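Residues per chain are reported as follows:
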Amino acid sequence: DVSSPKHGKVDPDNMPHVGGNTWAGGTGGRDTAGLGGKGGPYRLDAGHRVYQVSQAEKDAVPEEVKRAAREMGEKAFKQRLKEIQMSEYDASTYERFSGAVRRQVQSLRIILDNLQ
């Protein structure tokens, strides 16, 4: 069961963590920042293979936990914007322009990676 969202502990060795309720950047777990899990405050990619919990499990997360996770994620987003000296308006403008060329940028990255 999910209880409350949190960032989670950072693994100094960046080992892959699947499931559980401890590590930041893990996959398929609960309550912590990561990918493929449920009840975490925000997505955090540590570069490992993603294990996904079912949509039914995600839908079963209590509303108060979802609300707390959204609030924590929004707070972390605003803090990150502050760190990089960007306003919310700047972020939405960046996202609008970035989204318009996202496919082309991804294609170019693939081409450049293959050339390397």
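Values in this document were obtained by computation on a predicted structure and should not be read as measured data.

Draft legend 1. The arrangement of the environment of Ala 91 in detail. Tracing the backbone through its elements, the reader meets Ala 91 in helix 3 (residues 88–115). For Ala 91, the residues in contact, after removing those within four places along its chain, are Phe 77, Leu 81 and Met 86.

Draft legend 2. Representation of the domain arrangement of the protein within the structure. We note that the domain assignment places domain 1 (1–84) and domain 2 (85–115) within the protein. One C-alpha centre belongs to domain 1, the other to domain 2, and the line joining them spans 24 Å. The interface is formed by six residues belonging to domain 1 together with five residues belonging to domain 2. Carbon and sulfur atoms supply 61% of the area buried between domain 1 and domain 2, which totals about 430 Å² over both sides. If you sort the residues of domain 1 by the area they bury against domain 2, Lys 78, Leu 81 and Ile 84 come out on top, with a joint share of 80%. Here Lys 78 makes a salt bridge to Glu 88, at a shortest N to O gap of 3.8 Å. For the interface between domain 1 and domain 2, the tally reads four residue pairs in polar contact (both at pLDDT 80 or more). Of the residues assigned to the side of domain 1 that touches domain 2, the class counts are three nonpolar, no polar and three charged.

Draft legend 3. Broad picture of helix 3. The largest bend in helix 3 amounts to roughly 55 degrees and is located at Arg 102. Of all the residues in helix 3, the buried ones are Ala 91, Thr 93 and Ser 98. Looking at the buried positions of helix 3, the neighbouring elements they touch are helix 2 (63–83).

Thresholds, definitions, all that
- Residues numbered from 1 in each chain as written.
- Predicted model: local features only at pLDDT ≥ 70, side-chain atom pairs only at ≥ 80, totals over all residues.
- Heavy atoms only, no water.
- Helix = DSSP H or I, 4+ residues; strand = E, 2+ residues; numbered from the N terminus.
- Contact = heavy atoms within 4.5 Å.
- Domains from an automatic or database assignment.
- Buried area = accessible area lost by both parts, 1.4 Å probe.
- Salt bridge = Lys/Arg side-chain N within 4 Å of Asp/Glu carboxyl O.
- Polar contact = N/O pair within 3.5 Å; in protein donor to acceptor, adjacent residues only side chain to side chain.
- Nonpolar A, V, L, I, M, F, W, Y, C, P; charged D, E, K, R; others polar.
- Bend = angle between axes of the 7 residues up to and from the residue.
- Buried < 20%, exposed > 50% of the residue type's maximum accessible area, 1.4 Å probe, protein only.

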